[in-house]
Amino acid sequence: MIGKQILYLLVFPGLLFTCVLGLLIGWLDRKVSASFQFRVGPPIFQNFNDIFKLLGKEVILIKDTNITVFALAPIAAFSVMVFLSMSIGLVLFYGLGFGGDIIVMMYLFMFFSVAIIIGGSASGNVLSSLGAGREIKLLLADELAFILICLIPIIKSGYLLGLNEIVIAQSDGAFIGSISGFIGFLVGLLCIQAKMTLPPFHIPEAETELAEGPLMEYSGPLLALWKICQHMMWVIFPFFLIILFFGGFNLVGIGILWAILKYVLIIVLMIIIKNTNPRIQIDTALKFFWRYASPLALIGIILAVLGV
Amino acid sequence: MGWYNKRLAKSLWVFHVSGSPCNNCDIEILDLLTPKYDVERLGIKLVGSVRQADVLLVTGVFNNKVAPKIKKLYEQAPKPVFVVAVGTCPASGCTFKDSYNTVEKREDVIPIDMYIPGCPPKPEAMIEAVAKLIGVLNG
């Protein structure tokens, strides 16, 4: 019994599956971005090469900083990502709830940003701490809208909190078919873009003026852990949206094709948003989420309560 | 280490160290990173932080003021790291070789693995140099 749980954690819905799929999707992102710019793009195993190369390089720890926090922040983020990938994968592939509910998920999704803030502040670099400050503001911006859209499936499923129960409640039609579900999916897509700090919301790690921001002082295996986390999010967040609005996976017969289509649709939308928008300022991001996205999500909640 | 060197050869992340250049080589380096030449297909990426670099592209003549800073940057980079000197200035001193503040022996400042002469070198020459570096790593 214990062996099976370790297998869940380390191999199939957990660590190995999510890492490999995430790194491949990361390649897809780079390849599609390259074709947007009329380039050839990297070979398929580029991200694997990057990660293996980083794992073999030297780690530089800076003497004057808080080395414990600096080194533990990526490890903590990585372990939370592995746990998230396992619990979401269990709901999607096996239909097993994990004991926690959607509220636990909301907390854990915030944790990556918190780890970035802690790690960036601990490195003692001016640009890193500026990036950490921007990450705090971005978290404040997207968190409200993200929690509001998480409420829409809860209301539409008849006030159920378990992820598994939300999937079962959508067995006779996914929530995306209704107006409130569509609004929720749209705002959720933008929140995910901000949570993964992808363009146009890559404000914390602005390459041009902050030089990778919070990750600036990281090198070698610790940087590899951050990179793996960022690639795992290419799997975890779309899977979460599939649970909330697309009714999960039905892995028999034609359902496998539908499952792949749902995932690819979200990935393609994210890549298109990423490639067609320049980076916005931090105040524009706050204004966008607080003035437009959150009220839109609130309208979605009202529509969900009315049953539309 | 053969396996690791092959991985390293496929993902060389480049950091641009400009040690008092005339900006001509820097412009050519930026040309190299444009979509026309597309070095990302070789796994080469320009990184913003020296902590993540595998290759330091050094441009410009080393003078007494900038040499300690280049040395510091080299020490900040995680090893293994390679140094590619771009342009005639780091290779021979160019027109500044008899100047009063030019460092006599550039090899004493940092170990340079590869020189790309030219004032400025064409992006094709830089790609060839990096391809040679990849060939050395692959053995």
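Residues numbered from 1 in each chain as written. Chains lettered and ligands numbered in written order. Predicted model: local features only at pLDDT ≥ 70, side-chain atom pairs only at ≥ 80, totals over all residues.

Re the overall build of chain B
Right, so step 1: Looking only at helices and strands, one finds five helices and five strands in chain B.
Right, so step 2: Overall, chain B is about 45 × 30 × 25 Å in size when its C-alpha atoms are taken along their principal axes.
Right, so step 3: In chain B, once contacts between residues fewer than 6 apart in sequence are set aside, the share between residues at least 24 apart is 84%. (Helix = DSSP H or I, 4+ residues; strand = E, 2+ residues; numbered from the N terminus. Contact = placed C-beta atoms within 7 Å.)

Regarding the pairing of strand β1 (residues 13-18) of chain B
All names here are of chain B.
Right, so step 1: Counting buried residues along β1, five of its six residues qualify, which places the element largely inside the surrounding structure.
Right, so step 2: One ladder, built from two bridges, connects β1 with strand β2 (residues 45-46); its direction is parallel. Each bridged residue has a counterpart across the sheet, and for tryptophan 13 the counterpart in β2 is lysine 45.
Right, so step 3: Note on the crossover from β1 through helix α2 (residues 24-32) to β2: the handedness is right-handed.
Right, so step 4: Where β1 meets strand β3 (residues 55-59), five bridges bridge the pair, whose relative direction is parallel. From the neighbouring strand, serine 18 faces β3, where its bridge partner is threonine 59. (Buried ≥ 20, exposed ≤ 12 C-beta atoms within 10 Å, placed from the backbone. Pairing = 2+ DSSP bridges. Right-handed = clockwise from strand over helix to strand, strands pointing away.)

Some words on the interface of chain A and chain B
In many reports, interface size means the accessible area that the parts give up when they come together.
Right, so step 1: On the chain B side, the residues contacting the 25 residues of chain A number 16 residues.
Right, so step 2: Put simply, the parts of the chain that give the side of chain A that touches chain B at least two residues each are α3 (46-55) and α10 (220-245) of chain A.
Right, so step 3: Looking at side-chain class alone, the side of chain A that touches chain B contains 10 nonpolar, seven polar and eight charged residues. (Nonpolar A, V, L, I, M, F, W, Y, C, P; charged D, E, K, R; others polar.)

Things to note about the nonpolar core
Right, so step 1: By size, the foremost hydrophobic cluster in this structure holds 90 residues, and its most contacted members are A:Met81, A:Ala145, A:Ile149, A:Cys229, A:Ile236, A:Leu241 and A:Ile243.
Right, so step 2: If one sorts the elements of this core by residue count, α10(A) sits on top with 20 residues.
Right, so step 3: The residues contacting A:Cys229, other than those within four sequence positions of it, are A:Ala77, A:Phe78, A:Met81 and A:Phe112.
Right, so step 4: With 35 residues, the next largest nonpolar core counts B:Leu32, B:Leu56, B:Val84 and B:Ala129 among its residues. (Core = buried A, V, L, I, M, F, W, Y, C linked by C-beta atoms within 7 Å.)

Considerations on the confidence of the model for chain B
Note: predicted coordinates in regions of low pLDDT should not be interpreted at a detailed level.
Right, so step 1: In this model, chain B carries an average pLDDT of 85, and 99% of its residues clear a pLDDT of 70 or more.
Right, so step 2: Scored as a whole, the predicted complex attains pTM 0.88, and scored at its interfaces, ipTM 0.84. (pLDDT = per-residue confidence, 0-100.)

A closer look at the packing of helix α4 (residues 67-94) of chain A against helix α5 (residues 102-122) of chain A
Residues and elements named next belong to chain A.
Right, so step 1: One way to put it is that α4 packs onto α5 with a least axis distance of 8 Å and a crossing angle of 165°. The orientation of α4 with respect to α5, classified from their angle, is roughly antiparallel. Here the hand of the crossing between α4 and α5 comes out left-handed. Along its contact with α4, which presents Val69, Phe70, Ala73, Pro74, Ala76, Ala77, Val80, Met81 and Leu84, the element α5 presents Leu108, Phe111, Phe112, Ala115, Ile118, Gly119 and Ala122.
Right, so step 2: Residue composition of the contact of α4 with α5, by class: 15 nonpolar, one polar and no charged. (Axes fitted to C-alpha atoms, helices over the stretch in contact; angles between N-to-C directions. Parallel < 35°, antiparallel > 145°, perpendicular 65-115°, else oblique. Left-handed = near helix turned anticlockwise from the far one by under 90°.)

Focus on unusual backbone geometry
Where the residue is not glycine, phi is negative for most of them; where a peptide bond is considered, it is trans in most cases.
Residues and elements named next belong to chain B.
Right, so step 1: Residue proline 80 follows lysine 79 across a cis peptide bond; omega there is 0°.
Right, so step 2: Looking at the secondary structure, you find proline 80 in the loop between α3 (67-76) and β4 (82-86).
Right, so step 3: With omega at -5°, the peptide bond leading from cysteine 119 into proline 120 counts as cis.
Right, so step 4: Relative to the elements of secondary structure, proline 120 occurs in the loop between β5 (114-116) and α5 (123-138).
Right, so step 5: The residue serine 20 is not glycine, and still its phi comes out positive at about 45°.
Right, so step 6: Mapping serine 20 onto the fold places it in the loop between β1 and α2.
Right, so step 7: According to the C-beta neighbour criterion, serine 20 is partly exposed, with 18 such atoms within 10 Å.
Right, so step 8: With phi around 75°, asparagine 23 is a residue other than glycine that occupies positive phi space.

So, the environment of A:Met110
Residue and element names in this part refer to chain A.
Right, so step 1: Relative to the helices and strands, methionine 110 resides in helix α5.
Right, so step 2: Sequence spacing of methionine 110 and glycine 255 is 145 residues, and the spatial spacing of their C-alpha atoms is 31 Å.
Right, so step 3: Ignoring sequence-local partners within four residues, the contact set of methionine 110 consists of Leu139 and Glu143.

Focus on helix α2 (residues 15-36) of chain A
Residue and element names in this part refer to chain A.
Right, so step 1: In a regular helix each residue adds 1.5 Å, so 22 residues correspond to 32 Å; α2 covers 31 Å between its end C-alpha atoms and thus fits that length.
Right, so step 2: Among the residues of α2, those classed as buried are Leu15, Thr18, Cys19, Gly22, Leu23, Ile25, Gly26 and Asp29. Mapping the buried residues of α2 onto a view down its axis gives an arc of 165°, with all of them on the same face.
Right, so step 3: Buried residues in α2 make contact with α1 (2-10), α3, α4, α10 and α11 (255-276).
Right, so step 4: One or two residues past the end of α2 sits phenylalanine 38, with phi positive at roughly 60°. (Expected span 1.5 Å × (residues − 1). Arc of directions from axis to C-beta.)

Structural notes on α3(A)
Right, so step 1: Among the residues making up α3(A), those that are buried are A:Gln46, A:Asn47, A:Asp50, A:Ile51, A:Lys53 and A:Leu54. Angularly, the buried residues of α3(A) cover 165° about the axis, an arc narrow enough to put them on a single face.

Observations concerning the sheet that holds β5(B)
Residue and element names in this part refer to chain B.
Right, so step 1: Spatial ordering of the open sheet is given by β2-β1-β3-β4-β5, a layout of five strands whose pairing is parallel. Of all the strands in the sheet, just β2 and β5 have a single pairing partner and so form its edges.
Right, so step 2: Lying on the sheet, α2 is in contact with β1, β3 and β4; it crosses β3 at an angle near 140°.

Some thoughts on the pairing of β3(B)
In the case of a regular strand, side chains alternate between the two sheet surfaces.
Residue and element names in this part refer to chain B.
Right, so step 1: Most of β3 sits inside the fold, with five of its five residues counted as buried.
Right, so step 2: Here β3 shows no split at all, with Val55, Leu57 and Thr59 on one side and Leu56 and Val58 on the other all buried.
Right, so step 3: Relative to β4, β3 is paired through five bridges, and the arrangement is parallel. Bridging across to β4, leucine 56 finds its partner in valine 83.
Right, so step 4: Between the parallel pair β3 and β4, the chain is carried across by α3, and the sense of this crossover is right-handed.

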